[in-house]
Amino acid sequence: RGTAELYQVAVQTYRAALEQLSRDDNPIDWALTQKHLGASLQAIAERTNDEETLNQSAEALEAALETFRPEIYPIQWASAQNRLGLVLYKLDLKTGDAETLKKSLNAFQSALHIFNRNDHPARWADVMNNFAQAAQVLGEQLHSTEVLEKAVNACMGALEIRRKEKGPLLWAATQNNLGSALFLLGKLTGDEDRLEGAAGAFDQALGVYTDFNAERLASVA
């Protein structure tokens, strides 16, 4: 529906379930409920941009990760790590706290231990794209060419999996991400080739967004 109303109902329901679930007696049900609670709060925060909701989402996901262990529940653990990374990234955009951003990058790197390129190529590309987003913000904050290079390389890796012909909007999102990373790197180093690469990546993204009538995304590109 494009609103947060049903997510609010989901949050209330998960919280009611957690009042009845014992972490000691039902650890997996408890952890799954925490994970879904975190995801629902994240969805609300994406619509409201509310810092407290993001904090609550991070708390729920961190609680789930206390029970999920990668050696026993690898997929649940990795997906929760990826989601936590996204939430922490959004929190940093609100607070500008570099430590939060470092935690975000650590969460993405943890997820990549499970979502590797060979076994989970699509999920690997998703996490790499997310990692690149966070890395370019940290690189700009720290004025670090090394971190910005990592963001560029993560985008290039993701584009080897995200193909335009298979998923044009995902491909365009990573091109847009690549453009941002190259622009920041070019601005920091004065390298015109980086800036030209940024312009080319933005142009690639713009072409797809225009074809799909994605006006808001096109205007950003």
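Residues numbered from 1 in each chain as written. Predicted model: local features only at pLDDT ≥ 70, side-chain atom pairs only at ≥ 80, totals over all residues. Heavy atoms only, no water.

### Topic: the overall build of the chain
Which entries qualify depends on this criterion: Secondary structure elements are taken from DSSP: a helix is a run of H or I of four residues or more, a strand is a run of E of two residues or more, and numbering for both begins at the N terminus. The atom set for the radius of gyration is the C-alpha atoms, and the globule formula is 2.2 Å times the number of residues raised to the power 0.38. The buried label goes to any residue with under 20% of its type's maximum accessible area, the exposed label to any with over 50%, and the partly exposed label to all in between, with areas taken from a 1.4 Å probe on protein chains only. Any pair of residues with heavy atoms lying within 4.5 Å of one another is described as a contacting pair. For accessible areas, the Shrake-Rupley method is used with a probe of radius 1.4 Å. Any residue's cover is judged against the shown protein chains and nothing else.
Scanning the chain from N- to C-terminus turns up 10 helices and zero strands. Shown N-terminal to C-terminal, the secondary structure of the chain runs as helices and strands in the order α-α-α-α-α-α-α-α-α-α. Computed over its C-alpha atoms, the radius of gyration of the chain comes to 18 Å, within 12% of the 17 Å expected for a compact globule of 221 residues. Relative to its 221 residues, the chain shows a buried fraction of 44%. Sequence-distant contacts, at least 24 apart, represent 59% of the contacts inside the chain between residues at least 6 apart. Approximately 11600 Å² of the chain is accessible, and the part contributed by carbon and sulfur atoms is 47%.

### Observations regarding the packing of helix 6 (residues 121–142) against helix 7 (residues 145–161)
How we decide: The axes are straight lines fitted to the C-alpha atoms, using for helices just the contacting stretch, and the angles between their N-to-C directions are given from 0 to 180°. In what follows, roughly perpendicular refers to angles from 65 to 115 degrees, roughly parallel to angles under 35, roughly antiparallel to angles over 145, and oblique to any angle outside these ranges. In this scheme the crossing of two helices becomes right-handed for a clockwise turn of the near helix relative to the far one and left-handed for an anticlockwise turn of less than a right angle. As a working rule, the residues Ala, Val, Leu, Ile, Met, Phe, Trp, Tyr, Cys and Pro are called nonpolar, Asp, Glu, Lys and Arg charged, and the rest polar, with Gly in that last group.
Their axes nearest at 8 Å, the elements helix 6 and helix 7 cross at an angle of 160°. By the angle between their directions, the pair helix 6 and helix 7 is classed as roughly antiparallel. Where helix 6 crosses over helix 7, the handedness of that crossing is left-handed. Of the residues that constitute the contact of helix 6 with helix 7, the class distribution is 16 nonpolar, four polar and two charged.

### Let's talk about helix 5 (residues 98–114)
So the rule is basically this: In this analysis, the expected span of each helix is defined as 1.5 Å times one less than the number of residues it contains. By the criterion applied in these results, polar contacts are pairs of N or O atoms within 3.5 Å in which, for protein atoms, one can donate a hydrogen and the other can accept it, and in which residues neighboring in sequence qualify only through two side-chain atoms.
In this model helix 5 runs 26 Å from its N-terminal to its C-terminal C-alpha over 17 residues, within 8% of the 24 Å that 1.5 Å per residue would give. For helix 5, the set of buried residues is Thr 100, Leu 101, Ser 104, Leu 105, Ala 107, Phe 108, Ser 110, Ala 111, Leu 112 and Ile 114. Tucked inside the fold, the buried residues of helix 5 contact helix 4 (74–95) and helix 6. N-cap assignment for helix 5: the residue whose side-chain oxygen lies 3.0 Å from the backbone N of Glu 99 is Asp 97.

### Things to note about the packing of aromatic side chains
Note the threshold: Note on aromatic pairs: the rings of Phe, Tyr and Trp (six-membered ring only in Trp) are paired at centre separations within 6.5 Å, and the planes decide the class, stacked below 30 degrees, edge-to-face beyond 60, tilted for the rest.
Tallied over the full model, the rule gives one aromatic pair. With centroids separated by 5.8 Å and ring planes inclined at 65°, the aromatic side chains of Phe 68 and Tyr 73 adopt a geometry described as edge-to-face. A relative accessible area of 30% means that Tyr 73 is categorised as partly exposed.

### Considerations on a negative patch on the surface
Worth spelling out the cut-off: Like-charged residues are merged into a patch within 9 Å and nonpolar side chains (Val, Leu, Ile, Met, Phe, Trp, Tyr) within 5 Å, provided each residue has over 30% relative accessible area and no salt bridge. Salt-bridge detection follows one rule: a side-chain nitrogen of Lys or Arg within 4 Å of a carboxyl oxygen of Asp or Glu. Neither His nor the chain termini are counted; the positive set is Lys and Arg, and the negative set is Asp and Glu. Here the site of a charge means NZ on Lys, CZ on Arg, CG on Asp, or CD on Glu.
Negative charge collects at one region of the surface, where Asp 50, Glu 51, Glu 52, Glu 59 and Glu 62 lie side by side. Along the chain, Glu 62 turns up in helix 3 (residues 51–67). With a relative accessible area of 36%, Glu 62 lands in the partly exposed category.

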